[in-house]
Amino acid sequence: MKPVLDAVVKLVNTIRSRGLTHRQFRDFLQSVQSEYSDVLNYTKVRWLIAGCVFERVWQLKDDIVSFFHEKQCSAECEMLEDTEWLSDFAFFTDLLCHMNNLNIKMQGKNQFIVYIWAHLKAFKLKLNLFAG
């Protein structure tokens, strides 16, 4: 899954690291009346947000492809047009979202070990389903 992670991080950094490209991308999303106004930033320090970043990129994938084709930089997003890569990306996105949900369930006040254990067991069962 590291190649998928690296490709998505590179794509997000390509959009967000250059000020002009980032502004043009936000303007493009506004012009196509997208549900979202931007992609989320990913950093290794805040690795738990990876699920949210992946989910946002997944939901904006068509707009990202259109944006880079309009800028005549289709090499930047060629993986978003590869069906095999997209299936790996969808699986990894789903897995990261489940991990984020587990993390949220385990936080907060009055979390007894019994409930935390139940959440962990349920997540382990989900992982077995994903592996099968």
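Calculation rules
Residues numbered from 1 in each chain as written. Predicted model: local features only at pLDDT ≥ 70, side-chain atom pairs only at ≥ 80, totals over all residues. Heavy atoms only, no water. Helix = DSSP H or I, 4+ residues; strand = E, 2+ residues; numbered from the N terminus. Buried < 20%, exposed > 50% of the residue type's maximum accessible area, 1.4 Å probe, protein only. Phe/Tyr/Trp six-rings, centres within 6.5 Å; stacked < 30°, edge-to-face > 60°. Lys NZ or Arg CZ within 6 Å of the ring centre and 35° of its normal. Axes fitted to C-alpha atoms, helices over the stretch in contact; angles between N-to-C directions. Parallel < 35°, antiparallel > 145°, perpendicular 65-115°, else oblique. Contact = heavy atoms within 4.5 Å. Nonpolar A, V, L, I, M, F, W, Y, C, P; charged D, E, K, R; others polar. Lys, Arg positive; Asp, Glu negative; His and termini not counted. Salt bridge = Lys/Arg side-chain N within 4 Å of Asp/Glu carboxyl O.

Looking up the chain in an unreviewed UniProt entry gives the name General transcription factor II-I repeat domain-containing protein 2A, with the organism given as Araneus ventricosus.

Draft legend 1. View of unusual backbone geometry. If you check the backbone angles, Q33 has positive phi at about 55° while not being a glycine. Tracing the backbone shows Q33 in the loop between helix 2 (19-31) and helix 3 (50-59). Its relative accessible area of 72% is what places Q33 among the exposed residues. Not every positive phi belongs to a glycine, and N110 is a case in point at roughly 55°. Relative to the assigned elements, N110 resides in the loop between helix 5 (83-105) and helix 6 (113-131). We classify N110 as exposed; its relative accessible area is 64%.

Draft legend 2. Looking closely at the packing of aromatic side chains. All told, the structure shown has nine aromatic pairs when counted by the stated rule. Both rings, one in W58 and one in F89, keep their centres 5.5 Å apart while their planes meet at 55°; by these two values the pair is tilted. Of this pair, W58 sits in helix 3 while F89 sits in helix 5, and the two are 31 residues apart along the sequence. Cluster of aromatic residues (ring-pair linked, three or more members): F54, W58, W85, F89 and F92. Between the NZ or CZ atom of K61 and the centre of the ring of W58, over which it lies, the distance is 4.0 Å.

Draft legend 3. Representation of the packing of helix 1 (residues 2-16) against helix 5 in the model. For the pair helix 1 and helix 5, interaxial distance at closest approach is 10 Å and the crossing angle is 90°. The angle between helix 1 and helix 5 falls in the class roughly perpendicular. Touching V4, L5, A7 and V8 of helix 1 are W85, D88, F89 and F92, all from helix 5. For the contact of helix 1 with helix 5, the residue count by class is seven nonpolar, no polar and one charged.

Draft legend 4. Focus on the side chain of R56. Relative to the helices and strands, R56 is located in helix 3. Here R56 sits buried without a salt bridge, and the closest side chain of opposite charge, D38, lies 6.8 Å off (N-O distance). With residues near it in sequence (within four places) discarded, R56 still touches Y36, D38, V39 and L40.

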